[in-house]
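Topology and contacts: notes
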Amino acid sequence: MEFTDPAKRKAQVAGLALMAAMFFLPAFAPRFYVYLAALILVRGLLATSLNLVLGYGGMYQFHHTVFYGVGAYAAALMITKTVLSPWLGFLAGPLVAAALSLVMGLICVRLSKLYFGMLQISLGSLVWAIVFRWYSFTGGDDGIHNIPLPAAISSINGSYYFTLVVSLLSLAAMYLIVNSAFGRVFQAVRDNQERCETIGVPVKRQQLMGLVLAGFFGGVSGVLFVAVEGTVFPDLMFWTLSLEVIIMCLLGGWFTFLGPMLGAAIIVILRTVVGIYTEYWTFFLGVILMLIIFFLPEGVLGYFLERLGRTRPTSAVSES
Amino acid sequence: MLKVEGLQKAFGSFMAVSDANLEVRQGEIVAVIGPNGAGKTTLFRLITGQHKPSRGRIVFEGRDIAGLPAHRIAQAGISLSYQVVSVFSRLTVFDNVQVAVLAHQRRLLDILTPARRLAVKETWEVLESVGLADKARRTSGTLSHGDGKVLEMAIALGNRPRLLIMDEPTAGMSPEETAGTIELIKRLRSERDLTILFCEHDMEMVFSIAGRIMVMQYGRTIAQGTCDEVKCDLHVQEAYLGISV
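All values derive from a computational prediction rather than experimental measurement. (Residues numbered from 1 in each chain as written. Chains lettered and ligands numbered in written order. Predicted model: local features only at pLDDT ≥ 70, side-chain atom pairs only at ≥ 80, totals over all residues.)

Regarding the overall build of chain B
- For chain B, the helix and strand inventory stands at 9 helices and 10 strands.
- Scaling as 2.2 N^0.38, a compact globule of 245 residues should have a C-alpha radius of gyration of about 18 Å, and chain B matches this with 18 Å.
- Taken over the C-alpha atoms alone, chain B extends approximately 60 × 40 × 30 Å along its principal axes.
- Of all intrachain contacts in chain B linking residues separated by at least 6 positions in sequence, the fraction that spans at least 24 positions is 65%. (Helix = DSSP H or I, 4+ residues; strand = E, 2+ residues; numbered from the N terminus. Rg over C-alpha atoms; globule rule 2.2 N^0.38 Å. Contact = placed C-beta atoms within 7 Å.)

Here it is in structure tokens:
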């Protein structure tokens, strides 16, 4: 498993090199690229948190960005409406998102598969509608702008490093979770719920736990968005963004751990680069997506891992 | 150990099990036989909690378990090995069994301890005793049918049941595989102190390992007794007319 597999060693070296490059990025890259990298991390973290329930739990959480948005709003509101330290706002975001996820989960988890997804998207849209309409509290469709950030993260480089460190810590935490006892059983629930029941697993409880964890890390990515952009608006939790995040997971490979991060990078870069030349960048995204579904059904990273022969082709790739 | 009394299950107007009675004593191997559609599988699903009985009692070790959720019944010490291979197809053989062991150890919500450090010894022990140790790293979805059935059994053993229920353990197996499975069941019973309840169409297999037999027809128990008693029973001969008993 985790012994001296040369391909694995190579991947680890590549990963470390990439991490080092990301740490020194602000030293050699123009500001715009630093900003772009931060954005990729934020979206990638969001996609990875979705994949916790989507890829590892097999739960169709169609409206995941509601936790992203709520995390961001919770931080923004704490910072602008209270005199407490703004850092507390960054802590509150994930906790509020996790709490919302618990409530929504309690309601939705009794349904399975598509029905779960439909109810979840409805409840999420309800949250969006409240935020969109409640002008006196959330600023309605205007959102909240010019959120005063702590000095340490108010510069582009400052917010970049903050995002980088928090993202890496969150990724590490999620990696531990999917490889923990909980994570192993969670994947078993994905593969066969009924069988899990008959070996003594309370399936709904396991799923609820997964939802709360995914909501928490969705909230983390939300507060990172605040750190990078200093602003929040209702579109953060509109369902179309949820769809985009699902695409990130499928594109990168939803049965791999880092696939969603790669998918996020592809989409953010595609939008930025192709978006310079045409506003119809989604057309190219559509074409690429179709090609991937036909030729790389396990996603980009899934495909490469398979080529490396490192994964057992269909395994949940706890080791990626 | 297990006592089923007047058990009934209706799906709408269809009575799948109308009056099932069964007694299993500690350490026994009991077979349930009966024509297709007699309600054997439904009976097993009632005992393991996947269906809720409409009426009747299921007493396991002195406790009425009728209607409890399936995971509670599994925790009480009853495991089911399915007729159709029903495993965690994306996980490895090892992980499949480990999940059951983790469930037994109640480590389900442990998000801090890596799974590879938990339940390892117990999992290997089960894999070795059923003879799947050399295939432990295979993805379970790629196993042959025979190995899949053995994995079925290994998962069921993973949560250390006292009563193991097997729904047609040798269905679809070649004669050699069947013989191997019979040996395995006999060995497991003595090694692990198991009580076994199973159903099977292969009469030769039933008579070779079952201590007692319960016969079902049209959802109702028509006889229960030792092999010889059952063979002589007139009702049974009637139910099996045309099938050699």
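On we go.
A closer look at the confidence of the model for chain B
- Of the residues in chain B, 97% reach a pLDDT of 70 or more, and the chain-wide mean stands at 90.
- Predicted complex, confidence summary: ipTM 0.88, pTM 0.89. (pLDDT = per-residue confidence, 0-100.)

Notes on helix H10 (residues 203–229) of chain A
All names here are of chain A.
- In this model, H10 (27 residues) spans 39 Å end to end at C-alpha, consistent with the 39 Å of a helix rising 1.5 Å per residue.
- Buried residues dominate H10, accounting for 23 of its 27 residues.
- Among the residues trailing H10, Gly-230 stands out with phi positive, at a value near 65°. (Expected span 1.5 Å × (residues − 1). Buried ≥ 20, exposed ≤ 12 C-beta atoms within 10 Å, placed from the backbone.)

Comments concerning the pairing of strand S1 (residues 2–11) of chain B
All names here are of chain B.
- As defined by bridge partners, S1 adjoins strand S2 (residues 14–24) across 7 bridges and the pair is classed as antiparallel. From the neighbouring strand, Phe-11 faces S2, where its bridge partner is Phe-14.
- The turn linking S1 back onto S2 is made up of 2 residues, and Gly-12 within it adopts a positive phi angle of 65°.
- As paired elements, S1 and strand S4 (residues 55–60) share 5 bridges and run antiparallel to each other. Across the sheet, the residue bridging to Lys-3 is Val-59, located in S4. (Pairing = 2+ DSSP bridges.)

Let's talk about the interface of chain B and chain A
- Of the residues lining the interface, 38 residues belong to chain B; the matching set on chain A comes to 28 residues.
- Among the elements of the structure, helix H2 (70–76), strand S6 (78–81), helix H3 (93–104) and helix H5 (145–158) of chain B are those that each provide at least two residues to the side of chain B that touches chain A.
- The greatest single-element share of the side of chain B that touches chain A, amounting to 7 residues, is contributed by H3 of chain B.
- For the side of chain B that touches chain A, the class distribution of residues is 18 nonpolar, 15 polar and 5 charged. (Nonpolar A, V, L, I, M, F, W, Y, C, P; charged D, E, K, R; others polar.)

Let's talk about the domain arrangement of chain B
Residue and element names in this part refer to chain B.
- According to the domain assignment, chain B contains domain 1 (1–77 + 161–245) and domain 2 (88–160).
- Its C-alpha centre places domain 1 at a distance of 25 Å from the equivalent point of domain 2.
- With 10 residues of domain 1 in contact, the opposing surface of domain 2 contributes 9 residues.
- Element by element, the count of residues in the side of domain 1 that touches domain 2 is highest for helix H6 (residues 175–192), at 4 residues.
- Grouping the constituent residues of the side of domain 1 that touches domain 2 by class yields 7 nonpolar, 1 polar and 2 charged. (Domains from an automatic or database assignment.)

Overview of helix H7 (residues 156–178) of chain A
- When the terminal C-alpha atoms of H7 of chain A are compared, their 32 Å separation across 23 residues agrees well with the 33 Å that a helix rising 1.5 Å per residue should span.
- Of all the residues in H7 of chain A, the buried ones are Ser-159, Tyr-160, Phe-162, Thr-163, Leu-164, Ser-167, Ser-170, Met-174, Ile-177 and Val-178 of chain A.

Description of the environment of Ile-269 of chain A
- Relative to the helices and strands, Ile-269 of chain A is located in helix H12 (residues 259–277).
- Sequence separation between Ile-269 of chain A and Ala-37 of chain A is 232 residues; the distance between their C-alpha atoms is 9.3 Å.

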